[in-house]
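Architecture at a glance
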Amino acid sequence: MGERRAWADRKSEIMSRPGAGAAYDAARIRFELGEAVRLRREQLRLTQAELAERTGLKQPGVARFEAGGTMPTIPMLKRLAEALEMRLSVEFQPLREAG
């Protein structure tokens, strides 16, 4: 049996592959959007089914979105924002300068 490697070593190896950084960033964005929707839904004391009804989605679609499983379109984000009684704001920010 091979020796088990630490997660940090494995992650470093994976992130060194071409395109891995972009894939990681896309997954992070999906997760952060889903988490924000879930937190606001919970603040409003809505179930996933109730949010689905407000947005025209189905409950499994809301669950997938909250888990970071889908990358939404701008119109979908707008529908979610309205259903969650929020205003959608999309902005571009400069990348951090290399230090």
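Coordinates for the structure precede this section.
Note that the coordinates shown come from a computational prediction; the quantities given were computed from them, not determined experimentally. (Residues numbered from 1 in each chain as written. Predicted model: local features only at pLDDT ≥ 70, side-chain atom pairs only at ≥ 80, totals over all residues. Heavy atoms only, no water.)

1. A look at the layout of surface pockets
Considered as a void within the structure, the largest pocket measures approximately 480 Å³ in volume. Taken together, 13 residues form the lining of the largest pocket, with Ile29, Leu33, Ser89, Val90 and Glu91 sitting closest to its centre. Going through the elements one at a time, helix 2 (20-43) and helix 5 (74-83) are the ones with two or more residues in the lining of the largest pocket. It is helix 2 that provides the largest number of residues to the lining of the largest pocket, a total of five residues. Here the residues of the lining of the largest pocket are counted per class, giving eight nonpolar, one polar and four charged. In this model, the second largest pocket occupies a volume close to 280 Å³. Residue lining of the second largest pocket: 14 residues in total, with Ala36, Val37, Ala81, Met86 and Leu88 positioned closest to the centre. Contributing elements (two or more residues each) for the lining of the second largest pocket: helix 2 and helix 5. Top element by residues in the lining of the second largest pocket is helix 2. It accounts for six residues. (1 Å grid on protein atoms, 1.4 Å probe; cavity = no way out; pocket = protein on both sides within 12 Å on 5 of 7 lines; lining within 4 Å. Points joined across faces, edges and corners; volume = space filled by probe spheres on them. Helix = DSSP H or I, 4+ residues; strand = E, 2+ residues; numbered from the N terminus. Nonpolar A, V, L, I, M, F, W, Y, C, P; charged D, E, K, R; others polar.)

2. Considering the packing of helix 3 (residues 48-55) against helix 5
Close contact between helix 3 and helix 5 brings their axes to 9 Å; oriented N to C, the two are set at 120°. As the angle between them shows, helix 3 and helix 5 are arranged oblique. Helix 5 is crossed by helix 3, and the crossing has right-handed handedness. Seen from helix 3, the contacting residues are Leu51, Arg54 and Thr55; seen from helix 5, they are Arg79, Leu80 and Ala83. (Axes fitted to C-alpha atoms, helices over the stretch in contact; angles between N-to-C directions. Parallel < 35°, antiparallel > 145°, perpendicular 65-115°, else oblique. Left-handed = near helix turned anticlockwise from the far one by under 90°. Contact = heavy atoms within 4.5 Å.)

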